[in-house]
Amino acid sequence: MRVAVIGTGYVGLVTGVVLADLGNQVLCIENDPEKLAKLRAAEAPSFEPGIEELLKRTIADGSLRVSDSVAEAAKFADVLFIAVGTPSRPDGSVDLSAVHAVAEEIGKNLTHDLLVVNKSTAPVGTVREIGRIIERSSIGRKAVVASNPEFLREGNALQDTREPDRIVIGADDRASVAALEELYSPLNKPILFTSPESAEMIKYACNAFLATKISYINAISRVCELCGADVAHVAKGMGMDRRIGPDFLKAGLGYGGSCLPKDVAGFIDFAGRMGYDFQMLHAVKGVNEAQASHFLQRIEKELGGLEGKTICVLGLAFKPETDDMRAAKSLEVIDFLLARGAAVRVHDPAAMHVVEPQYPQIEFAESPYCAAEGADAAILVTEWNAYKNMDFDRFGAKMCSKVFFDGRRACSQQALERAGFRYFTIGS
Ligand code: UDX
């Protein structure tokens, strides 16, 4: 099948390479000249395990091409995916200008029956709006428009796309999206057909629920700290109940990234516009915003102030296996430390190049051991495997004082205490 994907962020690029790998002819569209040049050279524009290899292979065998022309995509494709950004505005509402601009361009270049599939996370009603824009700008020609939300996680994007728990397709009638069903048939996964409105809602409902689970366990962690319980044990006991499940119950510094914070804010805004004040999600957001500052205040108290201290920060990316710094908790940590007069030395296996230009006043170390040099304490912010399996004797030997604050409950307390550290973590 001939497939076009507009936008080569995480969602678009992964969709493109996976569909090309499944034997389709794929055209990926990117309007950022820098990203386009990278893609043309078969280089992945962002860090994501396995993507570059697949990109090289599919470009080399001719199954994937890149271009900057939405017009070309509209003329070429049988199925066209929209996967452009839907960022938050300062008030939390969703900025749909990129989606609308793409719809208009599709309409102007509509030459044949085209199935347009929206993958960008967007409020209920967006699919119908895309349909109206296409119809208006094509002077009466209609395209079938469907919603097909994406549930992939950064760092695990390829596997999530090849082996999704389910595929959600929102359309008015199943026959009109037969091409999409055929496209996904090699994955052999359950497909849920529903209306566009329900499909759009499923995406927000899922991300808001995941955020709720995280904030719930983080709120529990605060009570654990006050009463002597251990949140890791509590989460384990909760997760063994099959009705609850063990996932997304890891207490830590809170959720970051490009989706959960944005989608919670977008959903609150959307529900409000519809006439429902989503109090519960306000609380989810509030718990998330308070989590890092609470841990930082504990750190400041334990160290008897931060002025003049050197702090080693382990991990910058919003989670492991990515260089994505969007809404990363590390930025909050670094800003707090600098504001209190501490010197900051950081390490991250992938994201340092993203942060370096913004923070000339901090030191970027080439290994966690170098970051520990002369430090009064270490704070683990992102749970990269490299940190969990460190040689803590060697790490501690570099430090002035062996104090370890584990913001993700990632390291073994026993191993650190054996190496002579004082160990502090969230929720115990
Ligand atoms: C999320 C959704 O999981 C995915 O389905 C959607 O398509 C996009 O948003 P992503 O942002 O890539 O994916 O990462 P995810 O693994 O969900 O983690 C999000 C944040 O929550 C990270 O900051 C992570 O550290 C945090 N988290 C996750 C916790 O603090 N505790 C947990 O138990 C799980």
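**Structural notes on the site of the ligand**
(1) Moving on: Neighbouring residues of the ligand: 20 residues in total, closest Phe 151, Leu 152, Glu 154, Lys 250 and Lys 319.
(2) Moving on: The contact in question runs from an oxygen atom of the ligand to an N or O atom on the backbone of Glu 154, over 2.7 Å.
(3) Moving on: Here an oxygen atom of the ligand sits 3.0 Å away from a polar atom, N or O, in the side chain of Lys 203.
(4) Moving on: For the ligand, the accessible surface in isolation is 660 Å², of which the surrounding protein chains cover 91%.
(5) Moving on: If you tally residues by element for the shell around the ligand, the top one is helix H9 (residues 196–227), at 4 residues.
(6) Moving on: The class makeup of the residues in the shell around the ligand is 10 nonpolar, 3 polar and 7 charged.

**Details of the pattern of salt bridges**
(1) Moving on: All chains considered together, the criterion is met by 25 salt bridges.
(2) Moving on: Sharing partners across several salt bridges, the network here consists of Asp 21, Arg 57 and Arg 162.

**A look at unusual backbone geometry**
The general pattern is negative phi for most residues beyond glycine and trans for most peptide bonds.
(1) Moving on: Residue Asn 188 is not a glycine yet carries a positive backbone phi of 55 degrees.
(2) Moving on: Counting through the fold element by element, Asn 188 comes out in the loop between helix H8 (178–184) and strand E8 (191–194).
(3) Moving on: Asn 188 gets classed as exposed once you look at its relative accessible area, which sits at 69%.
(4) Moving on: The phi angle at Arg 409 is positive, at roughly 50 degrees, despite the residue not being glycine.

**Structural notes on helix H10 (residues 231–239)**
Residue pairs three or four apart in sequence face the same way in an α-helix, which turns once every 3.6 residues.
(1) Moving on: Along H10, the positions that sit buried rather than exposed are Val 231, Ala 235, Met 238 and Gly 239. Relative to the axis of H10, the buried residues are bounded by an arc of 95 degrees and lie together on one face. Opposite the packed face of H10, turned more than 90 degrees from it, sit the exposed residues His 233 and Lys 236.
(2) Moving on: Near the N-terminus of H10, the side chain that reaches the backbone nitrogen of Ala 232, with its oxygen 2.9 Å away, is that of Asp 230.

**Regarding the environment of Leu 187**
(1) Moving on: Tracing the chain through its elements places Leu 187 in the loop between H8 and E8.
(2) Moving on: The spacing of Leu 187 and Val 333 is 146 residues in sequence and 41 Å in space, taken between C-alpha atoms.
(3) Moving on: Each residue touching Leu 187, except ones within four places of it in the same chain, is listed here: Leu 22, Thr 161, Arg 162, Pro 164 and Ile 167.

**With respect to the packing of helix H12 (residues 279–302) against helix H13 (residues 329–339)**
(1) Moving on: For the pair H12 and H13, the least separation of the axes is 10 Å and the interaxial angle reads 40 degrees. In terms of axis orientation, H12 runs oblique to H13. As H12 runs across H13, the sense of the crossing is right-handed. Across the interface between the two elements, Asn 288, Glu 289, Ala 292, Ser 293, Leu 296, Gln 297 and Glu 300 of H12 pack against Lys 329, Glu 332, Val 333 and Phe 336 of H13.
(2) Moving on: For the contact of H12 with H13, the class distribution of residues is 4 nonpolar, 3 polar and 4 charged.

**Quick notes on the sheet that holds strand E14 (residues 422–425)**
(1) Moving on: Ordered by their spatial adjacency, 6 strands build an open sheet running E11-E10-E9-E12-E13-E14, and the pairing between neighbours is parallel. Edge strands, defined here as strands with exactly one partner in the open sheet, are strand E11 (363–364) and E14.
(2) Moving on: Judged from the 4 bridges that link them, strand E13 (residues 403–406) and E14 form a sheet pairing that is parallel. Pairing of Asp 406 across the sheet is with Thr 425, part of E14.
(3) Moving on: Contacts from H12 reach strand E12 (377–380), E13 and E14 within the one sheet, and its direction differs from that of E14 by about 155 degrees.

Parameters at a glance
- Residues numbered from 1 in each chain as written.
- Predicted model: local features only at pLDDT ≥ 70, side-chain atom pairs only at ≥ 80, totals over all residues.
- Heavy atoms only, no water.
- Near = heavy atom within 4 Å.
- Polar contact = N/O pair within 3.5 Å; in protein donor to acceptor, adjacent residues only side chain to side chain.
- Areas by Shrake-Rupley, 256 points an atom, 1.4 Å probe, with all protein chains shown as cover.
- Helix = DSSP H or I, 4+ residues; strand = E, 2+ residues; numbered from the N terminus.
- Nonpolar A, V, L, I, M, F, W, Y, C, P; charged D, E, K, R; others polar.
- Salt bridge = Lys/Arg side-chain N within 4 Å of Asp/Glu carboxyl O.
- Buried < 20%, exposed > 50% of the residue type's maximum accessible area, 1.4 Å probe, protein only.
- Arc of directions from axis to C-beta.
- Contact = heavy atoms within 4.5 Å.
- Axes fitted to C-alpha atoms, helices over the stretch in contact; angles between N-to-C directions.
- Parallel < 35°, antiparallel > 145°, perpendicular 65-115°, else oblique.
- Left-handed = near helix turned anticlockwise from the far one by under 90°.
- Pairing = 2+ DSSP bridges.

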